[in-house]
Amino acid sequence: MSTEETPAPRSLAEALRARDDASLAALLRSRPDLITPVPTDLTQLATRAGTRASVVRALERLDRFTLQTAQALAVAPDPAAYEDLLALLAGDAADPAVAAALPRALTVLREQALVWGGTDRLRLVRTARELLAPSPQHPSPTGLGPTVAEATAGMSPGRIQEIVTAAGLTSTHDSVSAVASLTALFTDRKRMAALLDSTSPDSVDVLRRLVWGPPYGQVTAEPAAHLRLLLDRGLLLPTAPGTVVLPREVALHLREGRAHRTTEPLPPGVEPAATHRPQVVDNAAAGQAYTALATVEELLKEWDEGGPAVLRAGGLSVRDLKRTAVALDLSEPVAAFWVELAYAAGLLASDGEADERYAATPAYDEWLELPAATRWARLAEAWLTATRTAGVIGGRDTKDRTLSALGPGLDRSAAPEVRHRVLTLLAALPEGTSPTVESVLARLHWERPTRGPQQERDGGDEDLRTRLARWALSEAESLGVTGRGALSAQGRALLGLPAAPAKAPEPTGPGDKLPVHHHRHPAPEPLTAPEQATASATAARLLTPLLPEPLDHVLLQADLTAVAPGPLKRPLAEMLDVLADVESKGGATVYRFTPGSVRRALDAGRSASDLHDFLTAHSRTPVPQPLAYLIDDVARRHGHLRIGAASAYVRCDDDAVLSEILADKRSANLRLRRLAPTVLAAQTDPASLLDGLRGMGFAPAAESAEGDVLITRAHAHRTPPRTAPDPVPDGPPAPDGTLLSAAIRAIRAGDLASTTPRKPTETPATNGDLPRTSSAETLATMQAAVMTGEAVWIGYVNAEGSASQRVIAPIRVEGGFVTAYDHTADEVRTYPLHRVTGVAELADDQP
């Protein structure tokens, strides 16, 4: 058996070249910015993986322990051995939990192309080291300062020799060996302990105040004796006039070898707040789901004839939001959530008119015709994937402008991912268990400890991700995804998860109070569109039996009210909305009949007999006599007066009624005058005249120019067809399998073209690495390759002037074109010979 080992990679590109396709696919899937556009070869992929923006994004997606591992590597020697890294994380106590978790963390860093090299030569990508290593401008999260070598870089050789001598070491002939000797002393535990034992307690106290960072301190021009002792022995080193630093080696000795004060190899557990029977949770969630549907319907009914105006800068004014909140009997933040949810679901939008207003979309009418559970699933799905975040409404944007409901600037790309993760944490708890909010936030903070670049002015002390999680818990409860704080069966189905197990699994580690998805087993990814449609349908099916059945009857009472003991079927509810006013809501809705509401029904084209028949058919109790009298009385007077356009006129067969109107002081603002015994003219429009006479207690009816009674029906204002707002992605979208396969083939082929050895040519290569040969040589080499079937290396300039190198196997050369199998593109292509800069044969030992 051969004992020859694979040579260690000398660069990240070489490390990537040694990976298989599955490993490259995992890298591109976890860091999709690397594939946009597709790199030409593995060298370009490695270069792109080391750019600052890409590395920052990758670091932000690491969990706490993996990030702590990267931070430890940044303060370790470069390269570092695995044992050195383990010592920095586990300390002298050799924490077994850290030792068990470190291989996984290193695997993640390798997969993310943030670390490369063998276990004896671990290297952090240079950009990551620059971001995480300590410097005066950017302190390290570890709290460590520079090494002895870094801190003494600008120090005079004589001063370095003085420090070496004061520390009890033998002086050397050069500064390099002196610094090495001092470093060896500070990293030798026994010798360092003896040195500190010989140092005064006051001096050691100074070191301990700096040990966990920040490592910098201030001293005067004439420091006290205990500070002078530290400076003489190099336990503190000057970095600038009046500023000293605790060397990294000294701090690590005082920390017992640990790079972090607290190392967290295991995620914190999600703690229970309460446990309920699953049936109670599902019923509570179903009740909230029903309320959610009723709220959205009431909101859009409120805006049915045209809602609030759109602000010039976009969005809803503060006054209109307050008015909407009062109409819905909700607080303003909650009303803003429902407005934004209806917008995210495509149920409302701006109408695009000159005096732009918000109104329901045609999709709202289609939504109303769906079963209740399906309507809820549409809302829940829109909430789960929306990036618009109602919680930031009322805050300020980067230009110090107030963020308004339905306005710009509300997208938070992390919102869908946070909602999904919060719900999956709830799904991992035993069925019916609700968590404490703080334990959920602690878990999320462990999984993503770094703050993103987007900072919020309206967030107080909490970062955006924490506030998104709080809002997700609250909104899930309002929407009915959770019930009493626990994930419902329909909520679980909405995530595409299987039903909860009958028995909870065992805890996954000492950090877990209750079983949750351990980080070794990643949480389920958000579903694709077809998968989400299937999951939503399943959730709707589970919710259907939990929602109350719509009723086809009401209970009429003698006090001119009707009680609906539950939700009503749509035709009945729509008719009652016209015929009566809602007096109170709750488990049972109370409607009140008034002269105005009855007149509204008559204006909509109903006759008195129609109203009597309707109430008789839909009441479980006899129609009370007062209600029958009210309908007949309003109907008898309805249309007795006629309103037309003169500017407007009133005509009535009974001239005494017209005289009564003229004598009434309340008619003064209508500026009426008698044209004939049965006709009055008004200096106002017909609509104002109608309202004025109704306010005086009359019941006039409008008529057309032909004298026919006009039937006024409720006008439902709709916007043109609108699509729901698209979520704003958090970076490039994750590539699908087809794109990954094609990208990896292209990268491999491009790498083959750039790394395959070539035979030396008589004409030296110019124009970078592209081969340069004459037209005759190019043609002869191509024709020879067709006969032998060998591959060649060419330089090619396309129509846009972009140069590239390719490995091709020529098939046919004719008419100034070469047809060949292009290994770079993994397909047969035809190239004009005049665009080929040159050709070279591949080395004989290449396949």
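Residues numbered from 1 in each chain as written. Predicted model: local features only at pLDDT ≥ 70, side-chain atom pairs only at ≥ 80, totals over all residues. Heavy atoms only, no water.

**Some words on the nonpolar core**
Logical step 1: Counting 88 residues, the largest nonpolar core has Phe-186, Leu-235 and Leu-236 as the members making the most contacts within it.
Logical step 2: Tallying contributions element by element places helix 5 (residues 64-75) first for this core, with seven residues. (Core = buried A, V, L, I, M, F, W, Y, C linked by side-chain atoms within 4.5 Å. Buried < 20%, exposed > 50% of the residue type's maximum accessible area, 1.4 Å probe, protein only. Helix = DSSP H or I, 4+ residues; strand = E, 2+ residues; numbered from the N terminus.)

**A word on the environment of Leu-252**
Logical step 1: Its location among the elements puts Leu-252 in helix 15 (residues 248-254).
Logical step 2: What makes Leu-252 buried here is its relative accessible area of 15%.
Logical step 3: Setting aside its immediate chain neighbours within four residues, Leu-252 contacts Leu-88, Leu-144, Arg-189, Gly-257, Arg-258 and Ala-259. (Contact = heavy atoms within 4.5 Å.)

**Overview of the sheet that holds strand 4 (residues 237-240)**
Strands pair in a sheet through their backbones, by hydrogen bonds, and they do so in one of two ways: parallel or antiparallel.
Logical step 1: As summarised here, the arrangement of the three strands in space is 3-5-4, forming an open sheet in which the pairing is antiparallel. Either end of the sheet is taken by a strand with one partner, and the two such strands are strand 3 (216-218) and strand 4. Neighbour to neighbour, the strand axes of the sheet diverge by 40° on average, direction disregarded.
Logical step 2: As judged from the three bridges shared by strand 3 and strand 5 (residues 243-245), these two strands associate in the antiparallel manner. (Pairing = 2+ DSSP bridges. Axes fitted to C-alpha atoms, helices over the stretch in contact; angles between N-to-C directions.)

**What about the pattern of salt bridges?**
Logical step 1: Under the counting rule described, the total for this entry stands at 33 salt bridges.
Logical step 2: Ionic pairing is found between Arg-375 and Glu-297, a salt bridge with its closest N-O pair at 2.5 Å. Placement of the pair is Arg-375 in helix 20 (residues 372-385) and Glu-297 in helix 16 (residues 278-302), with a sequence separation of 78 residues. For the pair Arg-375 and Glu-297, one class covers both residues: buried.
Logical step 3: Across the pair Arg-666 and Asp-664 runs a salt bridge whose closest N-O atoms are separated by 2.9 Å.
Logical step 4: Judged by its relative accessible area of 48%, Arg-666 falls in the partly exposed class.
Logical step 5: A cluster of three or more residues bridged by salt bridges with shared partners is formed by Arg-159, Glu-162, Arg-228 and Asp-232. (Salt bridge = Lys/Arg side-chain N within 4 Å of Asp/Glu carboxyl O.)

**A word on the side chain of Thr-243**
Logical step 1: Among the structural elements, Thr-243 can be located in strand 5.
Logical step 2: Overall, the relative accessible area of 17% leaves Thr-243 in the buried class.
Logical step 3: Reaching out from Thr-243, the side chain makes a polar contact with the side chain of Gln-218 at a distance of 3.5 Å. (Polar contact = N/O pair within 3.5 Å; in protein donor to acceptor, adjacent residues only side chain to side chain.)

**Quick notes on the sheet that holds strand 12 (residues 555-557)**
Logical step 1: Strand order in the open sheet formed by four strands is 12-13-15-14, and the pairing between neighbours is antiparallel. Every other strand in the sheet has two partners, leaving strand 12 and strand 14 (581-584) as the edge strands with one partner each. On average, each strand axis in the sheet is inclined to that of its neighbour by 30°, with strand direction left out of account.
Logical step 2: Across three bridges, strand 12 lies against strand 13 (residues 561-564) in antiparallel orientation. When the sheet's bridge partners are listed, Leu-555 is paired in strand 13 with Val-563.

**Describing the packing of aromatic side chains**
For any two aromatic rings, the description comes down to two numbers: the centre-to-centre distance and the angle of the planes.
Logical step 1: Per the stated rule, a full pass over the model turns up four aromatic pairs.
Logical step 2: Here the aromatic rings of Tyr-796 and Tyr-831 are separated by 4.8 Å at their centres, their planes lie at 65°, and the arrangement is edge-to-face. Of this pair, Tyr-796 sits in strand 21 (residues 792-797) while Tyr-831 sits in strand 24 (residues 827-832), and the two are 35 residues apart along the sequence. Neither Tyr-796 nor Tyr-831 differs from the other in exposure class; each is buried.
Logical step 3: Note that Arg-375 overlies the ring of Trp-367, its terminal NZ or CZ placed 5.4 Å from the centroid. (Phe/Tyr/Trp six-rings, centres within 6.5 Å; stacked < 30°, edge-to-face > 60°. Lys NZ or Arg CZ within 6 Å of the ring centre and 35° of its normal.)

**Some thoughts on unusual backbone geometry**
Logical step 1: For the bond from Asp-78 to Pro-79, the omega torsion is 0°, close enough to zero to count as cis.
Logical step 2: The backbone of Glu-256 sits at a positive phi, close to 60°, despite the residue not being glycine.
Logical step 3: In this structure, Glu-256 sits in the loop between helix 15 and strand 6 (272-275).

**As for the environment of Ser-488**
Logical step 1: Mapping Ser-488 onto the fold places it in the loop between strand 11 (486-487) and helix 24 (489-494).
Logical step 2: On the basis of relative accessibility, which here comes to 1%, the residue Ser-488 falls in the buried class.
Logical step 3: The spacing of Ser-488 and Ala-285 is 203 residues in sequence and 6.5 Å in space, taken between C-alpha atoms.
Logical step 4: For Ser-488, the residues in contact, after removing those within four places along its chain, are Val-281, Asp-282, Ala-285, Gly-480, Val-481 and Thr-482.
Logical step 5: A polar contact of 2.7 Å, which involves the side chain of Ser-488, links it to the backbone oxygen of Val-481.

**Brief notes about the confidence of the model for the protein chain**
Logical step 1: When the pLDDT values of the protein chain are averaged, the result is 85; 89% of them are 70 or greater.
Logical step 2: When pLDDT is averaged over each element of the protein chain, strand 11 comes out on top at 96 and strand 16 (residues 642-644) at the bottom at 65.
Logical step 3: Note on residues 452-460: pLDDT is under 50 here. Beyond four places in sequence and across chains, it has 15 contacts. (pLDDT = per-residue confidence, 0-100.)

**Quick word on the packing of helix 22 (residues 437-447) against helix 23 (residues 464-479)**
Logical step 1: One way to put it is that helix 22 packs onto helix 23 with a least axis distance of 10 Å and a crossing angle of 140°. Between helix 22 and helix 23, the interaxial angle falls into the category oblique. Crossing angle aside, the handedness with which helix 22 passes helix 23 is right-handed. Contact with helix 22, carried on its side by Val-437, Glu-438, Leu-441 and Leu-444, involves Arg-465, Thr-466, Ala-469, Arg-470 and Leu-473 of helix 23 and no other residues of that element.
Logical step 2: Partitioned by chemical class, the residues of the contact of helix 22 with helix 23 number five nonpolar, one polar and three charged. (Parallel < 35°, antiparallel > 145°, perpendicular 65-115°, else oblique. Left-handed = near helix turned anticlockwise from the far one by under 90°. Nonpolar A, V, L, I, M, F, W, Y, C, P; charged D, E, K, R; others polar.)

**Re the packing of helix 27 (residues 595-603) against helix 29 (residues 625-637)**
Logical step 1: Orientation of helix 27 relative to helix 29, taken along the N-to-C sense of each, is 60°, at an axis distance of 10 Å. It follows that helix 27 is oblique to helix 29 by the angle criterion. For the pair helix 27 and helix 29, the crossing hand works out as right-handed. Contact with helix 27, carried on its side by Pro-595, Val-598, Arg-599 and Leu-602, involves Leu-630, Ile-631, Val-634 and Ala-635 of helix 29 and no other residues of that element.
Logical step 2: Tallied by class, residues from the contact of helix 27 with helix 29 come to seven nonpolar, no polar and one charged.

**A closer look at helix 26 (residues 570-579)**
Logical step 1: Within helix 26, the full set of buried residues consists of Leu-572, Ala-573, Met-575, Leu-576 and Leu-579. Looking straight down helix 26, one finds that the buried residues subtend no more than 165° of arc, so they occupy a single side.
Logical step 2: Summarising the contacts, the buried residues of helix 26 are in contact with strand 15 (589-592), helix 27 and helix 28 (608-618). (Arc of directions from axis to C-beta.)

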